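Listed here are the chains, written in short residue letters.
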Amino acid sequence: MDNILNLDRMPKELKLILELLKEANEQYLEKYSEGLCRDIDWNLFIKLTLHHRVYPAINFKIKMLDADVVPTYVVQFLNRQYKRNTFQMLRLSAEMETVSLLFSKHQIQTLFLKGPILAKCLYGDISLRTSSDLDFLIPIQDLAKAEDLLVSLGYEKDDYIHTVLNDWKWRHHHVTYIHPHTEIKLEIHWRLHPGPGKEPCFDELWKRKEKSSITSYPVYLLGTEDLFQFLVAHGARHGWSRLRWLIDIQQIVKRKIDWVKLYTLFTTYHNPYVGGQAIILASQLLNVRVEKKMKPLLISKRSQKLAQEAVFYLETMINLHTDPVPEYVSKYHSRHLFSLMSAQQKLFFTASLLHPYPEDAEMLPLPKKLHFLYFPLRPVLWAWRKTKKDELRKGRT
């Protein structure tokens, strides 16, 4: 690949982490340990392994460096985190089997998206990937039944979704349940990604599913091509701001992938340039080999541009999940998300702005039978809300 990403603003601590995570890099690490570790801020190094959720892999790879150049406390810390993560993944594996068995008894088809099943599929070992919760996809018509079943297990719904005119069905894609005693978090998806946009229906995904042997009771996950597209879209949507998502790409390309089928999925449901972005990032940051069969996803320079844009999220520890997100990050992320969209997705997104938002109903409450009036009122309510925000901002300055 001719083009090289500009990594000049990336901290040297993260560059060391990338060297440790690269494919077939053992001899290089052994030979250049001293140079790689010179002037490293080891406390920042630890923070970055936690932020990027890569400490399980780093725990093994760091032992390839000269023991004299890595502080003992760093090695001990990584080992403790690795053990803690192993216990967490074992807990999630047990809960996954419980939920799968319960849903199966009540005829709810379930596809697990991440968590231990993904670690087993991609890494061959649940301890080598981190996960804080269980994500699974079910048919939207089974949501109410699924909620009743989870409540029977002691779970409580984190009901944070505000909706008007049933926009939750396409604007959102999952709802969260938390067990107050075990503190295990479950995310039930009825879509793979937030809308608007096209994606395969559940029946299509179910037909292409794969069975995992991670538990004694059968559990299912997405088929390889669907999984690749899901991981790419998910990582891109979050700016690849955690290296864990990019390592998933590093691992999945080792599987037998039908690249023609995958390209068709991208052109039908997503943007092939985003698939190219993922391959470029994995290639240039993690030494993933680019093979000829991947080339259809790399035919445009747009993929390279998107890959360079994603480097922004690696230059500092950007966390898009914790509010408040700095304003400069929020603005950059909004622009980047729009640049990731295909022409069709941009059309869907622009059209969705005309649909009423829950904020419209909060600003001007109307009886439910009059909610249709929010459509013609939306421009007025948007301008009113923007004026109030501007006034508030001026009052602070």
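Look up a bit, the structure's there.
Residues numbered from 1 in each chain as written. Predicted model: local features only at pLDDT ≥ 70, side-chain atom pairs only at ≥ 80, totals over all residues. Heavy atoms only, no water.

## A closer look at the overall build of the chain
So, point 1. A tally of regular secondary structure across the chain gives 19 helices and seven strands.
So, point 2. Computed over C-alpha atoms, the radius of gyration of the chain comes to 23 Å, within 12% of the 21 Å expected from 2.2 N^0.38 for 397 residues, which places it in the range of a compact globule.
So, point 3. Expressed along its principal axes, the backbone C-alpha trace of the chain runs to roughly 70 × 55 × 45 Å.
So, point 4. Looking at the 397 residues of the chain, the share that counts as buried comes to 50%.
So, point 5. Taking the contacts inside the chain whose residues are at least 6 apart along the sequence as the reference set, 70% of them involve residues at least 24 apart.
So, point 6. Surface accessibility of the chain: about 20,100 Å² in total, with carbon and sulfur atoms responsible for 54%.
So, point 7. Across the chain, 56 positive and 44 negative side-chain charges occur, with their mean positions spaced 4 Å apart. (Helix = DSSP H or I, 4+ residues; strand = E, 2+ residues; numbered from the N terminus. Rg over C-alpha atoms; globule rule 2.2 N^0.38 Å. Buried < 20%, exposed > 50% of the residue type's maximum accessible area, 1.4 Å probe, protein only. Contact = heavy atoms within 4.5 Å. Areas by Shrake-Rupley, 256 points an atom, 1.4 Å probe, with all protein chains shown as cover. Lys, Arg positive; Asp, Glu negative; His and termini not counted. Charge placed at Lys NZ, Arg CZ, Asp CG, Glu CD.)

## What about a nonpolar patch on the surface?
So, point 1. On the surface, Phe 338, Phe 349 and Leu 353 cluster together into a nonpolar patch covering about 220 Å² of accessible area.
So, point 2. In this structure, Phe 338 sits in helix α16 (residues 327-340). (Patch = residues over 30% accessible without salt bridge, like charges linked within 9 Å, V, L, I, M, F, W, Y side chains within 5 Å. Salt bridge = Lys/Arg side-chain N within 4 Å of Asp/Glu carboxyl O.)

## Focus: the pairing of strand β2 (residues 133-137)
So, point 1. In terms of burial, β2 is a largely internal element, five of the five residues being buried.
So, point 2. Residue alternation in β2 divides its side chains into two sets, Asp 133, Asp 135 and Leu 137 and Leu 134 and Phe 136, and both sets are buried.
So, point 3. Across two bridges, the pairing between strand β1 (residues 111-112) and β2 is antiparallel. Bridge pairing links Leu 111 to Leu 137 in β2. (Pairing = 2+ DSSP bridges.)

## Points about the nonpolar core
A general tendency of soluble globular proteins is for nonpolar side chains to be buried together.
So, point 1. If you look at the biggest cluster of nonpolar residues, it comprises 101 residues, and the most contacted ones within it are Phe 45, Phe 103, Leu 227 and Phe 228.
So, point 2. Membership of the second largest hydrophobic core comes to six residues, among which are Phe 312, Ile 318, Val 329 and Tyr 332. (Core = buried A, V, L, I, M, F, W, Y, C linked by side-chain atoms within 4.5 Å.)

## Remarks on helix α1 (residues 12-21)
So, point 1. Of all 10 residues making up α1, eight are buried, and the element is well covered by its neighbours.
So, point 2. For α1, the full list of buried residues reads Glu 13, Leu 14, Leu 16, Ile 17, Leu 18, Glu 19, Leu 20 and Leu 21.

## A few points about the pairing of strand β4 (residues 174-178)
So, point 1. Where burial is concerned, most of β4 is hidden: four out of the five residues are buried.
So, point 2. Note that strand β3 (residues 156-158) and β4 share three bridges and pair antiparallel. In the sheet register, Asp 158 faces β4, and the bridge partner there is Thr 176.
So, point 3. Taken together, the five bridges between β4 and strand β5 (residues 185-189) define a ladder with antiparallel strand orientation. The residue of β5 that forms the bridge with His 174 is His 189.

## Here's the deal with α16
So, point 1. An ideal rise of 1.5 Å per residue puts 20 Å on 14 residues; α16 measures up with 20 Å between its terminal C-alpha atoms.
So, point 2. What α16 keeps buried is the set Val 329, Tyr 332, His 333, His 336, Ser 339 and Leu 340. Looking down the long axis of α16, one finds its buried residues gathered within 120° of arc, a one-sided arrangement. Exposed side of α16, more than 90 degrees from the buried face: Glu 327 and Arg 335 are the residues found there. (Expected span 1.5 Å × (residues − 1). Arc of directions from axis to C-beta.)

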